[in-house]
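Results of the structural survey
So you can see what is in the structure, the chains are spelled out below.
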Amino acid sequence: MATDSTTAASEAGPMISLTVEFGGGMELLFHHQHSHNVQIPRFYDPPSIAPTSSSSPAPPTAPAPLQGKKSDIRYLIWWLREYLLDDKNRPELFSQGETIRPGILILINSTDWELEGELEYELEEGDECVFISTLHGG
Amino acid sequence: MTSTIPRPRAEVLADLEDTRARLQCLEKELASLPPALDPSPSPQPPAAAAVPQQQHPLSLREYKRYGRQMILPSLGLEGQLKLKRSHILVIGAGGLGCPVLLYLAAAGVGEITVLDHDSVELSNLHRQVLHSEERVGINKAESAKLGLEKLNSDVKINAHALPFTPSLFHSATTPSSILEPSFSLILDCTDNPATRHFLNAYAVAYGIPLVSGGAVRTEGTVGVFGLPLPSPPSTSSGSAPVDSESSTPPTHGPCYACIFPPSAPSPTPPSTELSPAERLLQEDLRAEKLALQGTGACSDEGVLGILCGQVGVQMGAEAMRVLLGVAKPTLHLLSPMSPSPLRTIKVRAQKPSCPACGTFPSLGDPSTLSTPSSRWATFLCHPEGRWEGWEDPLCEIPGVGSSSLKREGERRVRVGELAASLGSGARILDVRSKAEFGICHLDGSINVPFSSLLRDPSSALDLVSPSHSSSVPSTDSSPIYLVCRRGNDSLLAARALSRHLSTQPQAPQVELVDVMGGLTAWSQDVDATFPLY
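Residues numbered from 1 in each chain as written. Chains lettered and ligands numbered in written order. Predicted model: local features only at pLDDT ≥ 70, side-chain atom pairs only at ≥ 80, totals over all residues. Heavy atoms only, no water.

- An unreviewed UniProt entry lists chain B under the name Rhodanese domain-containing protein, from Leucosporidium creatinivorum.

- If you check an unreviewed UniProt entry, chain A appears there as Ubiquitin-related modifier 1 from Leucosporidium creatinivorum.
- Quoted verbatim from the Pathway (unreviewed entry) field of UniProt, the annotation for chain A is "tRNA modification; 5-methoxycarbonylmethyl-2-thiouridine-tRNA biosynthesis."
- The Sequence similarities (unreviewed entry) field of the UniProt record for chain A holds the comment "Belongs to the URM1 family." (UniProt positions renumbered as here; feature names shortened; annotations may be inferred.)

Okay, structure coming up:
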């Protein structure tokens, strides 16, 4: 199993780089900064991010797994909430369960995430993910 | 004899409006007359007399006025005529409505109906460029009409001082153009989610394309929704069963609600099974969450004037594309202050399950189909005209400052009391944003933005401890006065700090005082030279 993935990891390293952008007020939750370059593990272990998981998340400096499930949007939402969100006590401003809170649109490389498989989209090196909350002013 | 007593403002305004209307009539009359230097009837020049009179679809003035854009192959005379034959509905004559109206009227859209219930304010003019200082106080739709008629008197403008709400459809005075719409296009230039979703439902029910824009702070969106799609060229089998929706391609592009689904109803109030203390805590946490999410209104969050121009002009461009028949479903993100100011998004297809534009079995009777127009018809028949999910945006946004009841052991004072305690060691904690604090603040006050205070209450308290604010002769026991712009966040901040202190029995206990009405009240009641913004 997963020999392809393991090979890929050893060739390309255990981490992938992404550009994450926040807009429409979401940036206020992430250091008041619109654009972030982040490095996240290429693979993850799904049970470790399950809402029922009792263990607290590993520090971001912990060695990344060399195999497992390819990191997807579900994992990215979890990762951003655990490692980048300013106020860890108010995750509901960003997420709801394993997904994004209502009123926020996710764009993957300038494409509506619904066209890319939503939570299941597997992230690639260099992907750009935008989280933008609905703008109502006028 | 004229009275020396000044007339009431409303009377003068009414008079002014009458005079302007009269002025317009005169100008129109003059414009319809032949030019003064052209002696008429005059003998025709000999050459012209021999040429038979041609029929032209535009007036000579229109050829001249629109010539520069008619030269463009993408427009041509045919395109100009399409614009002239169009009747568009613009909801909102504010930050987005102004540029939309200016450019579409200038471009020669034949007829424009504009609705806005609001009046022009001075704080609008940095972005609502169709209004002017002299029209502060008059209705925005009326003001827009005055401005547009000066710009292009060949365009017919219908202005209505009305809000676009469900009750509009249950009122005998509503114009029939709204009740029986035949608009080529609707432009959503509104400023709140309830009106956006209601307007989208209206557009969907009547099959009218919608160009919607939103702008707040330094970012905006522009989308083209409910656009009829060309039917696929193949298979002419018109006998497709109705229930195989997923297999038939959608006839329309996504609607506003397909892409921005309406939020779930606000969470139910805390259950009565909780203890009073727990209930108050839940209430506070809910209010804090709302305050942190922001109201989304330009008056609270701020808005860049240029942004409204950019978003409005992009809406105008999409409107032209719709009217010329070359539009595609799309969504643009605009952020003029960022290095990449324009981004275009590939959007999803129409969602068959969309509550606004979807067609699905009725909830009550699954043997019948619920369609956009059947849902709209049900709404029209409803005696009170209730629309699901509608919350009146004209009602005050649920804040805590004015409405919240005083709680046991809580101290809330008016601004006069804060004024009286200045100099006697009062410490002032201002919980507005850093930018707002930078605009104006009370001497000696210390800034800890609301979100930082909630995240780290103990650092906030350290900052106002006497060792930090040496200029004020305060002590650890001096009360801390909390202020903000209007008095909502300061109350929540006072409650959050007192909650924090209750978990730290060994920390020095201080009295926390919320200043009701905030700096707005300070300017109104204590110091009229303190800026309101």
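Describing the packing of helix H8 (residues 193–205) of chain B against helix H13 (residues 372–381) of chain B
All names here are of chain B.
- One way to put it is that H8 packs onto H13 with a least axis distance of 8 Å and a crossing angle of 120°. Two packed elements cross with a definite hand, and for H8 against H13 that hand is left-handed. Facing Phe-198, Ala-201, Tyr-202, Val-204 and Ala-205 of H8, the residues of H13 in contact are Pro-372, Ser-373, Trp-376 and Phe-379.
- When the residues that make up the contact of H8 with H13 are grouped by side-chain class, the tally is 8 nonpolar, 1 polar and no charged. (Axes fitted to C-alpha atoms, helices over the stretch in contact; angles between N-to-C directions. Helix = DSSP H or I, 4+ residues; strand = E, 2+ residues; numbered from the N terminus. Left-handed = near helix turned anticlockwise from the far one by under 90°. Contact = heavy atoms within 4.5 Å. Nonpolar A, V, L, I, M, F, W, Y, C, P; charged D, E, K, R; others polar.)

Some remarks on the domain arrangement of chain B
All names here are of chain B.
- On domain assignment, one finds that chain B holds domain 1 (60–231 + 250–264 + 273–381) and domain 2 (406–525).
- The centre of domain 1, based on its C-alpha atoms, is set 41 Å off from the matching centre of domain 2.
- Here domain 1 packs against domain 2, burying approximately 900 Å² in sum over the two surfaces, 51% of which is carbon and sulfur.
- Of all residues in domain 1, the largest losses of buried area upon contact with domain 2 belong to Asp-284, Glu-288 and Leu-292, amounting jointly to 48% of the total for that side.
- Remark: the boundary between domain 1 and domain 2 carries 6 salt bridges.
- In this assembly, domain 1 and domain 2 are joined by 5 residue pairs in polar contact (both at pLDDT 80 or more).
- Going through the elements one at a time, helix H10 (276–293) and helix H11 (298–301) are the ones with two or more residues in the side of domain 1 that touches domain 2.
- At 9 residues, the largest contribution of residues to the side of domain 1 that touches domain 2 is made by H10. (Domains from an automatic or database assignment. Buried area = accessible area lost by both parts, 1.4 Å probe. Salt bridge = Lys/Arg side-chain N within 4 Å of Asp/Glu carboxyl O. Polar contact = N/O pair within 3.5 Å; in protein donor to acceptor, adjacent residues only side chain to side chain.)

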